[in-house]
Amino acid sequence: MATAANTATAAGAKDAPPAPSKSLSGIVKQVLSGDTVVIRATKGAPPPEKQITFSHVLAPKLARRPGAGGDETKDEPWAWESREFLRKKLIGVEVTFTFDKPANSNREYGFVWIGKDKETGENVVESIVREGLVSVRREGRPTAEQQTLIELEDQARAAGRGKWSSTANAVDKVRNIKWAHENPAHLVDIYGGNPVKAIIEHVRDGSTVRAFLLPDFHYITLMISGIRCPGVKLDADGKPDLSVKVPFADEARYYVETRLLQRDVEIRLESVNNSNFIGTILYPKGNIAESLLREGLAKCVDWSMAVMKTGTDKLRAAERFAKEKRLRQWQDYQAKTPVFNSKEKDFSGTVVEVFNGDAINVRLSNGQVKKVFFSSIRPPRDQRAVVGTDGEEIVKAPPRGKNYRPLYEIPHMFDAREFLRKKLIDKKVQCNLDYISPPRENFPEKYCYTVSIGGQNVAEAMVAKGLATCVRYRQDDDQRSSAYDQLIAAEQQAIKGLKGLHAKKDNATLRVNDLTVDHSRIKVQYLPSWQRALRTEAIVEFVASGSRLRIFVPKDSCLVTFLLAGISCPRSSRPALNGVPAQEGEPFGDEALTFTRERVLQRDVSVHIDTTDKAGSSVIGWLWTDSGANLSVALVEEGLAEVHFSAEKSEYYRQLKSAEDRAKAAKKNIWKNYVEQVPKEKTVTEEEKEDKVVAERKVNYENVIVTEITETLTFFAQSVESGSKLESLMGKLHADFQSNPPIAGSYTPKRGDLVAAQFTLDNQWYRAKVERVQGSNATVLYIDYGNKETLPTNRLAALPPAFSSEKPYATEYTLALVALPTDNEDKEEALRAFSEDVLNHKVQLNVELKVTGSPHLATLRDPTTKTDFGKQLVAEGLVLAEERGERKLKDLVDQYKVAQEAARAAHLVIWKYGDITQDDAPEFR
């Protein structure tokens, strides 16, 4: 019996792991399961490693992913808990271990102690047995170490710890691992760019890892955003070729393993690339990508940085540090960036001109104008050009005709220019030089800047709207924008949003009627409507001289040459062009050109067109700047133009003549040598001839509706004939604002602006003119009705151009030949009576006298009884008859005086206490 027992014991001992014999120290690199760890040496780069399986114990098996050497398997209960127990206790910790390798075995078995001394250090095998997370092998005759483990296991069983628990459900201890993802982008959207707790399970190379996202156990392959580390070369079959050593590949992988492998980290998913995720890994010391770059173990990758939400500037800074120190991959680096002087590098100035989407002219404080190109972006281009994968033109577009205008004919070029024009013209910008593009193909060198306004990168804003694209560079090319990563990110968002150039629909060109070339349609098709319009909105595209411009009319989508009315401006000099020799200008011609350019070039202006020149090739009219100044008057005021005889018939003649007189008195510019001539006295005969010219009163009654009466006895009236047009206009305006409501507060009103205002009583939008702005409130006049209102500025909006060309439908008049009494009560009574008679009633109106710069004098009468309402107010003793000296009104004034005498004799209302006009006698003064 004893022999048999000894034989059985010997057989059992043969299968069990032998007692460990060798003792070494190292750092725990990885925990493979609850009974197996990988320990690396403390020296070497990378150091050698050893896999140790714990002696005498067996841990539950972890799940195996499909394709990893077999079919997919699930966790055995408590497998993950046992692995996690060791991971949290050992990863990155220095340990002492003993091991031995049994005969006919590929594994090395042993014990592990925490610390450098196994006598005082914690025995990890005993600890995991004590926690009830592994099973102890009991076959054969136990050794002393094995007996200790058996006793510890019995204690764990008795205490119900770990897998020996009677209350824990084994099913709850099995992970539900998501090994694959049918829609990776959906998972990115679920986490929404927020950091997710994770454990790094494997480091493939310095910039690619595999990880579990917790707590849902999504298993992902992650490419670190913004960088690429040296990796393993692939053979012809696409498999790793370990025979080829890539410089710094092993060092980069080792660097990441020592910091991330099986560590608790946070991952911010940012995008996907095929089935791989792209994201940022945050560990206790920061962003691992930044750390790799700083050590020279990685390089920035433009396409990957584009998906990053934040931190690209830190990655670029870390790479620059490694370049400057010439660390590892940058050991042979030579900087290519030229050295700039301080005046070229950084400056601020005011934008005075915008070119076709990629450059601007900036005026410095000393008056110098510099041309500034935007860094690293390309404006919309001719679609007929053949473009390579890097964005460069392989084949240039064939030449166009002589009348080709790229601004309008290249899709989105006009949109890009308009975006810059509205955002930058006359605004102060900050320019920071990034690089100088060398001259090529007959083009000079270009100074390329990052331009910002109010802290916003203008180029980035353009790219974000799909109005420009990013230039693609070689990875080692540093000649790029300092904000290049933000530009790439903005472009990705524009592509995703199908904005501008990236829209799927065909990009149609802007159809422009170029009336500077085809003059035949000016008089027939456009001039009548322009003459009828009160004001026409336009953009000044080019200034040829002080009084000659080319304007673009958005409403009609046409270009036309525009001549300023009422003035004669000196001719400016002209450079040699297309074989035509240069021409000298007249005195102060260039100054007039500069004056006009600085005030209106590429600005929004309002024009009123009167007529055309003799050839019918240009239109003549009046132009108001964005500040409301009449440009003709401004040029005359500055002594850069003189009044033309044609202005005598215009309503602006007095303004022009007064401006000219002031310029002459100040001897400005063209008047610097002016000597005033003494006017010749008129003869008696000439005066008598003038006195004989007596105008007759004209009577031409028009049916109107009085819509508003003011405190000064002026009133607003609408023509009955235009009622249907007004209703149609209001209907379209209300529909437009209902379908495209403005953003509250997005519009900043200025005095004199023609705007849309939301009327308080019905919350509908109407045309209005801003009369005064005080803080957050504005007083407006509703131009089609005559009433005024003070309302918050957030109830104002820009008036769409389609509604600005119509003249106001309500016209202001002064009730002719009458005056209000001075007593406030009498005044209120007169206004009340006048309102009862005419307000919102259909009456007949006759203009008696036109007054320049003020409301015309008009009489009103009842269309049925022909009663003159003004004379009736006089006859009722409510108002005074006004003294007028115009001969054509003499008969009418006499009738009003008769009515007043009758009221005075009857002591009616204002006359009840006698003659109120006697207060003006000398003794009362």
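Residues numbered from 1 in each chain as written. Predicted model: local features only at pLDDT ≥ 70, side-chain atom pairs only at ≥ 80, totals over all residues. Heavy atoms only, no water.

## Here we look at the overall build of the chain
Move 1: Assigned secondary structure in the chain consists of 23 helices and 45 strands.
Move 2: Here the C-alpha coordinates of the chain stretch approximately 160 × 75 × 50 Å along the principal axes.
Move 3: Split into buried and exposed, the 925 residues of the chain put 45% on the buried side.
Move 4: Looking at the chain alone, contacts between residues at least 24 apart form 61% of all its contacts between residues at least 6 apart.
Move 5: Surface accessibility of the chain: about 49,500 Å² in total, with carbon and sulfur atoms responsible for 49%.
Move 6: Between the averaged position of the 132 positive side-chain charges in the chain and that of its 129 negative side-chain charges there is a distance of 6 Å. (Helix = DSSP H or I, 4+ residues; strand = E, 2+ residues; numbered from the N terminus. Buried < 20%, exposed > 50% of the residue type's maximum accessible area, 1.4 Å probe, protein only. Contact = heavy atoms within 4.5 Å. Areas by Shrake-Rupley, 256 points an atom, 1.4 Å probe, with all protein chains shown as cover. Lys, Arg positive; Asp, Glu negative; His and termini not counted. Charge placed at Lys NZ, Arg CZ, Asp CG, Glu CD.)

## Here we look at the environment of Val 301
Move 1: In this structure, Val 301 sits in the loop between strand S15 (299-300) and helix H8 (302-305).
Move 2: Since its relative accessible area comes to 4%, Val 301 is described here as buried.
Move 3: Considered as a pair, Val 301 and Gly 226 are 75 residues apart in the sequence and their alpha carbons are 5.2 Å apart.

## A short note on the packing of aromatic side chains
Move 1: Following the criterion strictly, the structure yields 25 aromatic pairs and no others.
Move 2: Taking 6.0 Å as the distance between ring centres and 55 degrees as the angle between the ring planes, the aromatic pair formed by Trp 179 and Phe 212 counts as tilted. Here Trp 179, found in the loop between helix H4 (144-159) and helix H5 (184-191), pairs with Phe 212, found in strand S9 (residues 208-213); they are 33 residues apart in sequence, far enough to count as distant.
Move 3: Residues Tyr 526 and Trp 530 carry aromatic rings whose centres are separated by 5.4 Å and whose planes lie at 25 degrees to one another, so their mutual orientation is stacked. Residue Tyr 526 and its partner Trp 530 are both found in helix H15 (residues 521-532); the two are separated by four residues, about one turn of the helix. Here Tyr 526 and Trp 530 have matching classes, each one buried.
Move 4: Joined through ring pairs, the aromatic side chains of Trp 80, Trp 179, Phe 212, Phe 217 and Tyr 219 make up one cluster.
Move 5: Directly above the ring of Trp 330 sits Lys 323, whose terminal nitrogen or CZ lies 5.0 Å from the centroid. (Phe/Tyr/Trp six-rings, centres within 6.5 Å; stacked < 30°, edge-to-face > 60°. Lys NZ or Arg CZ within 6 Å of the ring centre and 35° of its normal.)

## Notes on the UniProt feature "domain: Tudor" (unreviewed entry) in the chain
Move 1: Per the UniProt record, "domain: Tudor" (unreviewed entry) is annotated on residues 748-806.
Move 2: Note that residues 748-806 is 0% helix and 49% strand, and that its end C-alpha atoms are spaced 23 Å apart. (UniProt positions renumbered as here; feature names shortened; annotations may be inferred.)

## Regarding the sheet that holds strand S39 (residues 788-792)
Move 1: Ordered by their spatial adjacency, five strands build an open sheet running S39-S38-S37-S36-S40, and the pairing between neighbours is antiparallel. What marks the edges here is a single partner per strand, and that holds for S39 and strand S40 (796-798). Each strand axis lies, on average, 50 degrees off the axis of its neighbour in the sheet, ignoring direction.
Move 2: When strand S36 (residues 754-758) meets S40, the two strands line up antiparallel, connected through three bridges. Each residue of the ladder has a partner; that of Val 755, found in S40, is Ala 798. (Pairing = 2+ DSSP bridges. Axes fitted to C-alpha atoms, helices over the stretch in contact; angles between N-to-C directions.)

## A look at the environment of Glu 460
Move 1: You can see Glu 460 is positioned in helix H13 (residues 458-464).
Move 2: Each C-alpha atom of the pair Glu 460 and Asn 513 lies 32 Å from the other, and the pair is 53 residues apart in sequence.
Move 3: With sequence-adjacent residues up to four places away left out, Glu 460 is seen in contact with Gln 486, Leu 487 and Ala 490.

## Digging into H5
Three- or four-residue spacings in an α-helix give side chains the same orientation, since the helix completes a turn every 3.6 residues.
Move 1: Within H5, the full set of buried residues consists of Pro 184, Leu 187, Val 188 and Tyr 191. Down the axis, H5 shows its buried residues gathered within 100 degrees of arc, on one side only. Exposed positions of H5 whose direction lies more than 90 degrees from the buried face are Asp 189 and Ile 190.
Move 2: Against the buried residues of H5 lie strand S8 (196-205), S9, strand S10 (218-224), strand S12 (264-273) and strand S13 (276-283).
Move 3: Immediately beyond the C-terminal end of H5, within one or two residues, lies Gly 192, with a positive phi of roughly 55 degrees. (Arc of directions from axis to C-beta.)

## Side note on the pairing of strand S3 (residues 49-54)
Move 1: Alignment of strand S2 (residues 36-40) against S3, held across five bridges, turns out to be antiparallel. The residue of S3 that forms the bridge with Ile 39 is Lys 50.
Move 2: Here S3 runs beside strand S6 (residues 109-114); their pairing, made up of two bridges, is parallel. Bridging from a neighbouring strand, Phe 54 pairs with Gly 110 of S6.

## Brief notes about the domain arrangement of the chain
Often, the extent of an interface is quoted as the loss of accessible area upon association of its parts.
Move 1: Domains assigned within the chain are domain 1 (22-172), domain 2 (184-330), domain 3 (347-386 + 406-502), domain 4 (513-574 + 586-671) and domain 5 (696-720 + 809-924).
Move 2: A separation of 109 Å is found between the C-alpha centroids of domain 1 and domain 5. (Domains from an automatic or database assignment.)

## Re the pairing of strand S27 (residues 536-543)
Move 1: S27 sits mainly inside the fold: six of its eight residues count as buried.
Move 2: In the sheet, S27 pairs with strand S31 (residues 604-612) via four bridges, with the strands oriented antiparallel. Paired with Ala 538 across the two strands is Val 605, which belongs to S31.
Move 3: Of the pairings in the sheet, the one linking S27 to strand S28 (residues 548-553) comprises four bridges and is antiparallel in character.

## With respect to the sheet that holds strand S34 (residues 702-709)
Move 1: With mixed pairing, five strands are arranged side by side around a closed barrel as S34-S35-S41-S44-S43. Neighbour-to-neighbour, the strand axes of the sheet open up by a mean angle of 60 degrees, direction not taken into account.
Move 2: As paired strands, S34 and strand S43 (residues 842-849) are joined by four bridges and run antiparallel to one another. Bridge pairing in S43 links Asn 703 to Gln 844.

## Details of unusual backbone geometry
Move 1: Geometrically, the link from Leu 214 to Pro 215 is a cis peptide bond, its omega value of 5 degrees lying close to zero.
Move 2: Inspection of the secondary structure puts Pro 215 in the loop between S9 and S10.
Move 3: For Lys 866, which is not glycine, the phi dihedral falls at a positive 65 degrees.
Move 4: Mapped onto the elements, Lys 866 comes out in the loop between strand S44 (856-861) and helix H22 (869-875).
Move 5: Positive phi values are uncommon outside glycine, yet His 907 reaches one of about 55 degrees.
Move 6: Judged by relative accessible area, His 907 falls into the partly exposed class, the value being 46%.

## A closer look at the state of the cysteines
Move 1: By the definition in use, this model includes zero disulfides.
Move 2: Note on Cys 431: no disulfide assigned, nearest cysteine sulfur contributed by Cys 448 at a separation of 12 Å. (Disulfide = S-S within 2.5 Å.)

## Quick look at H15
Move 1: Along its 12 residues, H15 runs 17 Å from first to last C-alpha, staying within 8% of the 16 Å computed at 1.5 Å per residue.
Move 2: Within H15 the residues assigned to the buried category are Ile 522, Tyr 526, Leu 527 and Trp 530. Each buried residue of H15 lies within a common arc of 105 degrees when the element is viewed along its axis, so the set occupies one face. For H15, exposure combined with an orientation more than 90 degrees from the buried face picks out Val 524 and Arg 532. (Expected span 1.5 Å × (residues − 1).)

## Some details on the confidence of the model for the chain
Detailed reading of the predicted coordinates is not advisable wherever pLDDT falls low.
Move 1: Averaged over the chain, the pLDDT score is 87; the fraction of residues at 70 or greater is 90%.
Move 2: Note that pLDDT drops below 50 for residues 684-694; the model gives that stretch four contacts with residues more than four away or on any other chain.
Move 3: Across residues 919-925 the pLDDT falls below 50, and counting only partners more than four positions away or on other chains, this stretch makes three contacts in the model. (pLDDT = per-residue confidence, 0-100.)

## A look at the environment of Leu 656
Move 1: You can see Leu 656 is positioned in helix H18 (residues 653-666).
Move 2: Placed 21 residues apart in sequence, Leu 656 and Leu 635 show a C-alpha to C-alpha distance of 9.5 Å.

## Side note on the pattern of salt bridges
Move 1: Under the defined criterion, the tally for this structure stands at 44 salt bridges.
Move 2: Across the pair Glu 84 and Arg 87 runs a salt bridge whose closest N-O atoms are separated by 2.6 Å. Of this pair, Glu 84 and Arg 87 both sit in helix H2 (residues 79-90), separated by three residues, roughly a single helical turn. Neither Glu 84 nor Arg 87 differs from the other in exposure class; each is buried.
Move 3: Within this structure, Arg 83, Glu 84, Arg 87, Glu 201 and Asp 264 form a network of salt bridges that share partners. (Salt bridge = Lys/Arg side-chain N within 4 Å of Asp/Glu carboxyl O.)

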